[in-house]
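Letter by letter, the chains look like this.
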Amino acid sequence: MKLNRRAFGLMAAAVMTALPAMAAAEFPERNITLVVPFPPGGGNDAMARIIGDAMTRVIGANVVVENKAGAGGVVGTQSVQNAKPDGYTLLLGHSGTMGINPHVYPAATYHPTKDFTPVGLISEIPMALVVNKDLPAQDVAGLIALAKEKPGELSYASSGVGTGSHMAAELFAHDAGIEIAHIPYRGSGPAMTDLLGGRIDFLFGVIPSSHAQVTAGKARALAVTGTKRSPTMPEVPTMQEASVEGYEAALIYGLLAPVGTPDEVVTKINGALNIVLADPTLQEKLAVDGSVPRPGTPEDHSKALDSDLEKWGALIRDAKIEIN
Amino acid sequence: MDLLSNLALGFSTAMSLQNLGLAFIGCLVGTLIGILPGVGPIATITMLLPITFGIDPVGALIMLAGIYYGAQYGGSTSAILVNIPGEAGSVVTALDGHAMAKKGRAGAALGISAIGSFIAGCVATVVIAALALPLTDLALRFGPTDYFALMVMGLVFAVVLAHGSVLKAVAMICLGILLSTIGSDLETGQARMTFGSLHLADGIDFAVLAMGIFGFAEVLRNLEGGEQRDVIKGTMGPLLPTRDEIRRSIAPILRGTGLGSVLGMLPGNGAVLAPFASYTLEKKLAKRPQDFGKGAIEAVAGPEAANNAGAQTSFIPLLTLGIPPNAVMAIMVGAMMIQGIVPGPQVMTESPTLFWGMIASMWIGNLMLLVINLPMVGMWVRLLKVPYRLLFPAILIFSCIGIYSIDNNPMDVVFTGAFAFAGYLLIKMGFEPAPLLLGFVLGHLIEENLRRAMLLSRGELSTFAENPVSLILLIVSVGLLALSALPSLRAKREKVFVED
């Protein structure tokens with residue numbers, strides 16, 4: 001009896017000391033929640049589900065997507081900020097929630113790298129400058145000339161205040177020195193509807209769905225916003241090639257964990273993410289939304305987040321975009 | 001004949017054993033989940049989305065479409081049985097459907113909504129197959145000014161919807177519109193009437209409001225009466241609709257189908273108006289309009305058909321343009337993207353099996369729903385015999401689960417509770433919740449389209465008069481309003497009760 005008890009005590013002690021090490025070694029031992037701060041449907045949700053599904057097969061635990069929509073992504077983002085930093089709660093973050101919101105929403109009091117642990121970049125999404133098929137402008141220079149001729153008369157649609165499509169257009173107006181009218185919509189669908197209907201002159205949209213309208217002859221693409229041409233529409237020049245110097249607008253997407261998440265856990269998730277991103281089938285799936293994979297280390301992600309935050313902040317200050 | 005060969009391709013795709021099975025599973029599961037009080041099509045599809053990942057794109061979309069129709073039908077079932085509409089479309093069904101259930105005719109209401117939905121679905125499928133393309137270009141001409149005028153007309157429907165005082169109905173509409181303005185301003189991003197709460201930043205969810213002031217308030221009101229209830233006490237009459245009831249329903253079903261088909265194809269979510277428009281039309285045409293609100297079968301048949309036809313034709317903008325007209329279709333877009341399909345006009349030419357297979361599966365899905373649901377009517381009706389002390393807590397618990405599942409947010413449940421008390425007070429004071437809900441649904445659309453029209457015209461109000469469609473719609477609205485207001489004004493003067 002005595003021996004048994006001592007043996008039990010020894011065993012317990014051994015187990016106790018081994019636990020912390022095992023916890024890290026055996027991460028994950030239960031489901032991982034991937035929070036999408038937007039409602040189901042739409043590009044963010046699709047990306048999270050594609051990545052989550054692929055990571056489930058690599059990391060050895062179910063990666064479950066949870067939609068926590070609200071306040072332009074602030075609600076879901078903050079829920080992850082306040083979650084336990086153990087790697088079991090991850091966030092799909094992007095330029096909108098991480099780089100733009102902190103400048104425009106008073107409620108978005110978080111900082112992308114101080115309040116979160118960047119886990120790894122997923123991809124970047126460049127956009128396309130698409131015009132109404134009846135607009136006389138044939139290229140970006142033509143559009144700028146038209147806007148200068150009739151200041152304030154051209155209308156552009158966005159998927160909402162503070163979204164990537166809004167910022168890309170404001171950056172264009174700022175860099176080209178033109179005055180254009182912003183017509184906000186709820187989401188890219190209604191915005192595109194009015195472009196096709198001829199009520200809107202141009203908009204910045206994700207490349208594949210814009211390309212679909214362009215090939216159907218319902219709209220024309222004048223430029224893409226990345227630094228390189230898009231394989232989807234190789235004939236379309238970049239903004240820089242089309243005379244807008246230094247212009248670049250691409251939304252970055254990545255996985256984040258709450259600040260204080262242990263390094264080994266971050267390394268493990270980052271490893272799984274990079275394995276997944278190297279898979280050509282997955283790359284093809286991501287390409288549906290115009291995503292260009294950007295595998296890398298957590299440090300790469302951290303740097304990208306900081307420069308993104310600074311870039312949009314500078315635009316919002318310089319162009320005096322007042323949202324609140 | 002292009003159409004015939006295309007349809008043949010569609011049916012050969014949809015009739016494969018796998019796709020038939022998927023359509024069946026979709027319809028069945030959709031019905032079962034959708035029947036949870038307050039769980040409408042959006043929540044159901046979201047919950048079930050992951051099970052389609054492993055299937056090929058055509059099969060996955062067929063299954064999702066099945067879930068959609070199933071959930072829509074399930075939502076009508078809970079609207080009729082327990083007066084809880086899961087989405088805007090079933091608010092109208094709840095009005096007379098639940099009144100019929102109270103009179104012991106729940107089976108007839110369920111039966112006629114299944115039959116009406118089936119007929120509407122069949123017609124709408126033909127409309128999509130034959131006319132989707134030409135109608136798409138026509139629908140694109142509909143701009144913000146036209147939507148604004150259309151929604152104003154919708155508000156007039158709300159006056160007709162009420163069967164009590166016109167003044168009280170107008171008050172409720174205004175309250176509904178005010179509630180809809182809570183949340184971030186679309187143009188400035190400014191938070192309006194949120195009291196600094198992030199929870200209110202996106203406004204109030206329709207299901208939260210509807211469940212509170214409809215379903216929960218109904219439960220509260222029923223508690224007053226103790227166990228004495230008129231619901232199917234004693235004789236129940238025949239389970240399914242009688243021959244006379246079916247005869248009376250045929251014309252409303254056909255008219256509702258027409259209205260729904262037209263409104264549904266507008267890319268700006270015109271489908272939301274369809275059941276309300278049908279209700280208004282039927283009430284105006286009915287021989288006994290005073291029965292409306294007290295269990296008139298025409299008031300279930302027409303709107304249900306309109307709702308289903310609208311739901312079906314709202315696939316048109318999605319399939320032909322790749323643009324989702326409402327939240328449900330947005331989830332379908334997400335599903336397409338997950339399957340590696342870029343939504344857009346090219347889907348039709350690049351993947352004809354997908355396009356035509358889905359259209360064929362719509363017809364098959366509607367048939368399956370009829371087959372699944374008619375035998376279940378008896379089961380649902382028996383559910384009403386469960387004593388209140390068991391039924392009510394069950395309704396409340398399932399409703400709370402449903403609300404929580406919308407956004408995974410416990411505050412939504414709290415809000416529903418608050419609306420329940422407000423709804424109870426309103427009922428007690430003779431205010432009807434239906435006009436409030438319609439005002440709430442249309443409020444967003446009216447405000448956004450008005451402001452967008454103003455932005456596009458750079459502030460010129462004349463834009464509404466310059467545009468023929470909006471001008472006609474606005475004139476019709478004023479006329480309708482005058483027509484509905486006059487009798488009750490006269491009635492007051494002559495102290496005669498015209499419309500109960």
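Residues numbered from 1 in each chain as written. Chains lettered and ligands numbered in written order. Predicted model: local features only at pLDDT ≥ 70, side-chain atom pairs only at ≥ 80, totals over all residues.

- Going by an unreviewed UniProt entry, chain B carries the name Tripartite tricarboxylate transporter permease and comes from Paracoccus aestuariivivens.

- As recorded by an unreviewed UniProt entry, chain A carries the name Tripartite tricarboxylate transporter substrate binding protein and is attributed to Paracoccus aestuariivivens.
- Turning to chain A, the UniProt annotation filed under Sequence similarities (unreviewed entry) states: "Belongs to the UPF0065 (bug) family." (UniProt positions renumbered as here; feature names shortened; annotations may be inferred.)

Some remarks on the overall build of chain A
Then step 1. If you tally the helices and strands in chain A, you get 11 helices and 10 strands.
Then step 2. Dimensions of chain A along its principal axes, counting C-alpha atoms only, are 95 × 40 × 30 Å.
Then step 3. Counting only residues that meet the buried cut, chain A has 55% of its 324 residues in that class. (Helix = DSSP H or I, 4+ residues; strand = E, 2+ residues; numbered from the N terminus. Buried ≥ 20, exposed ≤ 12 C-beta atoms within 10 Å, placed from the backbone.)

Some thoughts on the overall build of chain B
Then step 1. When its secondary structure is counted, chain B shows 21 helices and two strands.
Then step 2. Here chain B has a C-alpha radius of gyration of 22 Å; the compact-globule value for 500 residues is 23 Å, and the two agree.
Then step 3. The principal-axis extents of the C-alpha atoms in chain B amount to approximately 65 × 60 × 50 Å.
Then step 4. Taken across its 500 residues, chain B has 58% of its residues classed as buried.
Then step 5. Counting contacts in chain B only where the partners sit at least 6 residues apart, residues at least 24 apart contribute 80% of the total. (Rg over C-alpha atoms; globule rule 2.2 N^0.38 Å. Contact = placed C-beta atoms within 7 Å.)

Structural notes on the interface of chain B and chain A
Then step 1. With 37 residues of chain B at the contact, the number on the chain A side is 46 residues.
Then step 2. Among the elements that line the side of chain B that touches chain A, the one with the most residues is helix 14 (residues 327-338) of chain B, at six residues.
Then step 3. Among the residues forming the side of chain B that touches chain A, the class breakdown is 20 nonpolar, 12 polar and five charged. (Nonpolar A, V, L, I, M, F, W, Y, C, P; charged D, E, K, R; others polar.)

Some details on the domain arrangement of chain A
All names here are of chain A.
Then step 1. Segmentation of chain A into domains returns domain 1 (31-124 + 251-318) and domain 2 (126-224).
Then step 2. Relative placement of domain 1 and domain 2: their C-alpha centres are 27 Å apart.
Then step 3. Counting residues at the interface gives 15 residues for domain 1, matched by 11 residues for domain 2.
Then step 4. Among the elements that make up the side of domain 1 that touches domain 2, the one with the highest residue count is helix 4 (residues 95-104) (five residues).
Then step 5. The residue makeup of the side of domain 1 that touches domain 2, split by class, is six nonpolar, six polar and three charged. (Domains from an automatic or database assignment.)

Quick word on the pairing of strand 1 (residues 32-36) of chain A
All names here are of chain A.
Then step 1. Most of strand 1 is tucked away: four of the five residues are buried.
Then step 2. Alignment of strand 1 against strand 2 (residues 63-67), held across five bridges, turns out to be parallel. The residue of strand 2 that forms the bridge with Thr33 is Val64.
Then step 3. Taking the sense of rotation as the criterion, the β-α-β connection linking strand 1, helix 2 (residues 43-59) and strand 2 turns out right-handed.
Then step 4. The pairing of strand 1 with strand 3 (residues 89-94) spans three bridges and is parallel. Paired with Leu34 across the two strands is Leu90, which belongs to strand 3. (Pairing = 2+ DSSP bridges. Right-handed = clockwise from strand over helix to strand, strands pointing away.)

Here's the deal with unusual backbone geometry
Then step 1. Here Phe27 of chain A and Pro28 of chain A are connected by a cis peptide whose omega angle stands at 0°.
Then step 2. Along the chain, Pro28 of chain A falls in the loop between helix 1 (2-25) and strand 1.
Then step 3. The phi dihedral of Arg458 of chain B falls on the positive side, at around 55°, and the residue is not glycine.

So, the pairing of strand 8 (residues 219-224) of chain A
Residue and element names in this part refer to chain A.
Then step 1. For strand 8, the tally of buried residues reaches six of six residues, placing the bulk of the element in the interior.
Then step 2. Pairing of strand 4 (residues 116-132) with strand 8, which is carried by five bridges, proceeds in the antiparallel orientation. Considered in strand 8, the bridge of Ala128 is made with Val224.

Re the packing of helix 2 (residues 17-34) of chain B against helix 3 (residues 41-48) of chain B
Residues and elements named next belong to chain B.
Then step 1. Packing of helix 2 against helix 3 brings their axes to within 10 Å, and their N-to-C directions diverge by 125°. What the angle tells us is that helix 2 and helix 3 run oblique. Helix 3 is crossed by helix 2, and the crossing has right-handed handedness. In this structure, helix 2 contributes Val29, Gly30, Ile33 and Gly34 to the contact, and helix 3 contributes Pro41, Thr44, Met47 and Leu48.
Then step 2. Of the residues assigned to the contact of helix 2 with helix 3, the class counts are five nonpolar, three polar and no charged. (Axes fitted to C-alpha atoms, helices over the stretch in contact; angles between N-to-C directions. Parallel < 35°, antiparallel > 145°, perpendicular 65-115°, else oblique. Left-handed = near helix turned anticlockwise from the far one by under 90°.)

Concerning the packing of helix 2 of chain B against helix 4 (residues 57-82) of chain B
All names here are of chain B.
Then step 1. Across the interface, helix 2 lies against helix 4 with an axial gap of 6 Å and an inter-helix angle of 30°. Our classification of the angle between helix 2 and helix 4 gives roughly parallel. Here helix 2 runs over helix 4; the crossing is right-handed.
Then step 2. Looking at the contact of helix 2 with helix 4 residue by residue, the classes come out as 18 nonpolar, 12 polar and no charged.

Notes on the confidence of the model for chain A
Residue and element names in this part refer to chain A.
Then step 1. The share of residues in chain A with pLDDT of 70 or more is 91%, and the mean pLDDT across the chain is 90.
Then step 2. Per-element confidence in chain A ranges from a low mean pLDDT of 50 for helix 1 to a high of 97 for strand 8.
Then step 3. Here residues 15-23 is a poorly scored stretch, pLDDT under 50, and it has zero contacts once near neighbours within four places are set aside; other chains count. (pLDDT = per-residue confidence, 0-100.)

Quick word on the environment of Pro50 of chain B
Residues and elements named next belong to chain B.
Then step 1. Looking at the secondary structure, you find Pro50 in the loop between helix 3 and helix 4.
Then step 2. Taking the number of C-beta atoms within 10 Å as the measure of exposure, Pro50 has 14 and is therefore partly exposed.
Then step 3. Distance in space between the C-alpha atoms of Pro50 and Arg105 is 38 Å, their sequence separation being 55 residues.

A short note on the nonpolar core
Nonpolar side chains tend to gather and get buried jointly when the protein is soluble and globular.
Then step 1. Judged by nonpolar contacts, the single largest core of 265 residues is most densely connected at Val130 of chain A together with Ile45, Leu61, Leu64 and Leu438 of chain B.
Then step 2. Mapped onto the domain boundaries, this core takes at least three residues apiece from domain 1 (31-124 + 251-318) and domain 2 (126-224) of chain A.
Then step 3. In this structure Leu64 of chain B touches Gly26, Ile45, Thr52, Met332 and Ala335 of chain B, once residues within four positions along its chain are discounted. (Core = buried A, V, L, I, M, F, W, Y, C linked by C-beta atoms within 7 Å.)

A short note on helix 7 (residues 188-196) of chain A
All names here are of chain A.
Then step 1. Burial analysis of helix 7 places nine of its nine residues in the buried class, which makes it a mostly covered element.
Then step 2. Restricting attention to buried positions, one finds in helix 7 the residues Ser188, Gly189, Pro190, Ala191, Met192, Thr193, Asp194, Leu195 and Leu196.
Then step 3. Two residues or fewer past helix 7, Gly198 is found with a positive phi of approximately 85°.

Here we look at helix 4 of chain B
All names here are of chain B.
Then step 1. For helix 4, with 26 residues, the first-to-last C-alpha span of 36 Å sits near the 38 Å given by 1.5 Å per residue.
Then step 2. Counted residue by residue, helix 4 has 25 buried out of 26 residues, so it is predominantly covered.
Then step 3. Immediately beyond the C-terminal end of helix 4, within one or two residues, lies Asn83, with a positive phi of roughly 65°. (Expected span 1.5 Å × (residues − 1).)

As for the environment of Gly38 of chain B
Residue and element names in this part refer to chain B.
Then step 1. Note that Gly38 resides in the loop between helix 2 and helix 3.
Then step 2. Through-space distance from the C-alpha of Gly38 to that of Asn83 is 9.9 Å; in sequence the pair is 45 residues apart.
Then step 3. Discounting residues that sit within four places of it in the chain, Gly38 has contacts with Ile84, Gly86, Ala207, Met211, Gly215, Ser399, Gly402 and Ile403.

Some points on the environment of Pro387 of chain B
Residues and elements named next belong to chain B.
Then step 1. Turning to its location among the elements, Pro387 is positioned in the loop between helix 16 (352-383) and helix 17 (388-407).
Then step 2. Accessibility expressed as a C-beta count within 10 Å gives 9 for Pro387, which makes it exposed.
Then step 3. When the C-alpha positions of Pro387 and Gly268 are compared, they lie 44 Å apart, and in sequence the two are 119 residues distant.

With respect to the confidence of the model for chain B
Detailed reading of predicted coordinates is not advised where the pLDDT is low.
All names here are of chain B.
Then step 1. This prediction gives chain B a mean pLDDT of 86; 94% of its residues lie at or above 70.
Then step 2. Throughout residues 493-500 the model reports pLDDT below 50, and contacts reaching past four residues in sequence, or to other chains, amount to 11 contacts.
Then step 3. Two numbers describe this predicted complex: its pTM, 0.87, and its ipTM, 0.86.

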